[in-house]
Amino acid sequence: MTHKTFDVTALGELLIDFTENGKSGQGNGLFEANPGGAPCNVLAMLAKLGRSCAFVGKVGEDMFGHLLRDVALEAGICMDHLVFDKDARTTLAFVKTFENGDRDFSFYRAPGADMLLREDELPLDAIADSRIFHFGTLSMTHEGVRAATRRAIAHAKDNGAILSFDPNLRPPLWDSLDEAKGQIEYGLARCDVLKIADNELEFMTGETDFDKGAAILRGRYPNIRLFNVTAGAEGSYSYYEDLRVFVPACKLGGTIETTGAGDTFCAGVLNFVLERGLDGLTQEDLTQMLRFANTAAYLVTTRKGAIRSMPERAEVEALLG
């Protein structure tokens, strides 16, 4: 790849995940304010791996918006292009965690500042100066930020960036699931690298068999060169040209919650793409990629939160060792 300032630039939501953290002396539930948001979670892990990263998005001119900027800067992410909105509040998400680590979200986003990013606020020079551009669908739920996201995608593509897409489906944030499906289809039709969760694959194809679901989407969207499916505690799959690789999840116990696991996996994949590119990949390459990504994702599930919970490369390699 041609040298560029940023290895990865990501656009999307930056928010506070309030996660359950026990009860007070009066028996009231306690929630911990964890900085998060899928695109920035991905960048936080990439920064741990030594990659240069930039974030594009909007937060409120409030205590949470400034906290998010400070935490992202602390994580090593360029936040020069974060926009503060004096009239809208930073989006909040309250996360209920079940015994198996799965989660249920309640969002406070009507509107949240991340929904209000405009085309004229995009840092087009920084986007053009990126090797990979990463995006999801939470920046496609409403018309204005959708237009900004589409402009950024087109600009990144025009300037030679690899496009990375994670649908990150959150049904409560959509007016209708048909609209969600349409926006996911838009991302699928443009990306080079895809990370899609098992429930999202079923949502888009009606198939619970991963191979059949992947075959359907790969047939519809031949632009996707590296197609990855995460299957939670089962493991992950990668499809590339005529190759199909499955690697079981790392199961060493100690899982607290799964917040950020998929984003950490995605970062592991993008780091691999930065190292290896997308040409001539082998079964061994894909296996090594999934092993690293799975292990990094497992480590995040043993901690609360996301941005501040990303593991060091040495921690991942020690488990792989």
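In this report, we go over the structure that sits alongside the text. Keep in mind it's a predicted model, so treat the numbers as computed, not measured.

Observations concerning the side chain of Thr149
Stage number 1. Locating Thr149 in the fold gives a position in helix H4 (residues 143-158).
Stage number 2. Discounting chain neighbours no more than four positions away, the residues touching Thr149 are Leu11, Ser139 and Met140.

A closer look at the environment of His81
Stage number 1. Counting through the fold element by element, His81 comes out in the loop between helix H2 (63-74) and strand S5 (82-85).
Stage number 2. His81 sits 161 residues away from Asp242 along the chain, and the two C-alpha atoms are 40 Å apart.
Stage number 3. His81 has contacts with Phe55, Val56, Gly57, Pro123 and Ala126, leaving out every residue within four places of it along the chain.

With respect to the nonpolar core
Stage number 1. If you look at the biggest cluster of nonpolar residues, it comprises 57 residues, and the most contacted ones within it are Leu14, Leu226 and Val273.
Stage number 2. Mapped onto this core, the elements with two or more residues apiece are strand S1 (6-11), strand S2 (15-23), helix H1 (38-48), strand S4 (53-60), H2, strand S13 (243-248), helix H8 (261-276) and helix H9 (283-301).
Stage number 3. Considering every element that reaches this core, the biggest residue donor is H9, with ten residues.
Stage number 4. If we skip the residues at most four places from it in the chain, Leu14 touches Gly36, Cys40, Phe55, Val59, Leu68, Met79, Leu82, Thr90 and Ile307.
Stage number 5. Grouped together as the second largest cluster of nonpolar side chains are 39 residues, Val56, Phe165, Cys191 and Ile196 included.

Quick notes on the pairing of strand S9 (residues 162-165)
Stage number 1. Burial of S9 is two-sided: the residues Ile162 and Ser164 facing one way and the residues Leu163 and Phe165 facing the other way are all buried.
Stage number 2. Pairing of strand S8 (residues 130-135) with S9 involves four bridges; the strand directions are parallel. From the neighbouring strand, Phe135 faces S9, where its bridge partner is Phe165.
Stage number 3. With H4 bridging S8 and the parallel S9, this β-α-β connection has right-handed handedness.
Stage number 4. The pairing of S9 with strand S10 (residues 193-197) spans two bridges and is parallel. The residue of S10 that forms the bridge with Ser164 is Val193.

Examining the sheet that holds S4
Stage number 1. Here nine strands make up an open sheet; going across it, the order is S5-S4-S1-S8-S9-S10-S11-S12-S13 and the pairing mixed. Looking at strand neighbours, the two that pair on one side only are S5 and S13, the edges of this open sheet. Averaged over all adjacent pairs, the angle separating strand axes in this sheet is 15°, with direction ignored.
Stage number 2. Here H4 sits on the sheet and contacts S1, S8 and S9; the angle it forms with S8, its principal contact strand, is near 155°.

Considerations on the state of the cysteines
Stage number 1. Enumeration over the complete set of coordinates arrives at zero disulfides.
Stage number 2. Summary of cysteine pairing: Cys40 is not part of a disulfide, and the nearest cysteine sulfur, belonging to Cys53, is at 9.0 Å.
Stage number 3. For Cys40, a relative accessible area of 0% gives the class buried.
Stage number 4. We note that Cys78 lacks a disulfide partner, and the nearest cysteine sulfur, in Cys53, lies 9.8 Å from it.
Stage number 5. Given a relative accessible area of 16%, Cys78 falls into the buried group.

A word on the packing of aromatic side chains
Stage number 1. Using the criterion set out here, one finds nine aromatic pairs in the structure.
Stage number 2. Consider the rings of Phe18 and Phe94, whose centres lie 4.7 Å apart with planes at 10°: the pair is stacked. Within this pair, whereas Phe18 is found in strand S2, its partner Phe94 is found in strand S6 (residues 92-97), the two being separated by 76 residues in sequence.
Stage number 3. Residue Phe94 is classed as partly exposed on the basis of its relative accessible area of 26%.
Stage number 4. Following the ring pairs from residue to residue traces out a cluster consisting of Phe18, Phe31, Phe64, Phe94 and Tyr108.
Stage number 5. We note Arg150 situated over the ring of Tyr186; from NZ or CZ to the ring centre the distance is 3.7 Å.
Stage number 6. The ring of Tyr186 has Arg190 sitting right over it, with the charged end atom 3.6 Å from the ring centre.

What counts, and where the lines are drawn
- Within every chain, residues take consecutive numbers counted from 1 along the sequence as written.
- Since the coordinates come from a predicted model, pLDDT governs what is reported: local features require at least 70, and pairs of side-chain atoms require 80 or more to be given and counted, while whole-chain, interface and lining totals use all residues.
- To get the side-chain values, take all heavy atoms of the structure and skip hydrogens and water.
- The secondary structure listing takes helices from DSSP runs of H or I that are at least 4 residues long and strands from runs of E that are at least 2 residues long, numbered from the N terminus.
- Whether two residues are in contact is decided by their heavy atoms, any of which lying within 4.5 Å being enough.
- To form a nonpolar core, buried Ala, Val, Leu, Ile, Met, Phe, Trp, Tyr and Cys residues must be joined to one another through side-chain atoms within 4.5 Å.
- Three exposure classes are used, based on accessible area relative to the maximum for each residue type with a 1.4 Å probe and protein chains only: buried under 20%, partly exposed in between, and exposed over 50%.
- For two strands to count as paired, DSSP must find a minimum of two bridges between them.
- When the strands point away from the viewer and the connection leading from the first strand across the helix to the second strand turns clockwise, the crossover is called right-handed.
- Interaxial angle, 0 to 180 degrees, is taken between N-to-C directions of lines fitted to C-alpha atoms, where a helix line uses only the stretch in contact.
- Any pair of cysteine sulfurs within 2.5 Å is marked as a disulfide.
- Each aromatic pair joins two rings of Phe, Tyr and Trp (for Trp, the six-membered one) with centres within 6.5 Å, and gets the label stacked for planes under 30 degrees apart, edge-to-face for over 60, and tilted for any other angle.
- Either the NZ atom of lysine or the CZ atom of arginine qualifies as a charge over a ring when it sits within 6 Å of the ring centre and within 35 degrees of the ring normal.

Keep in mind these numbers describe shape, not what the thing actually does.
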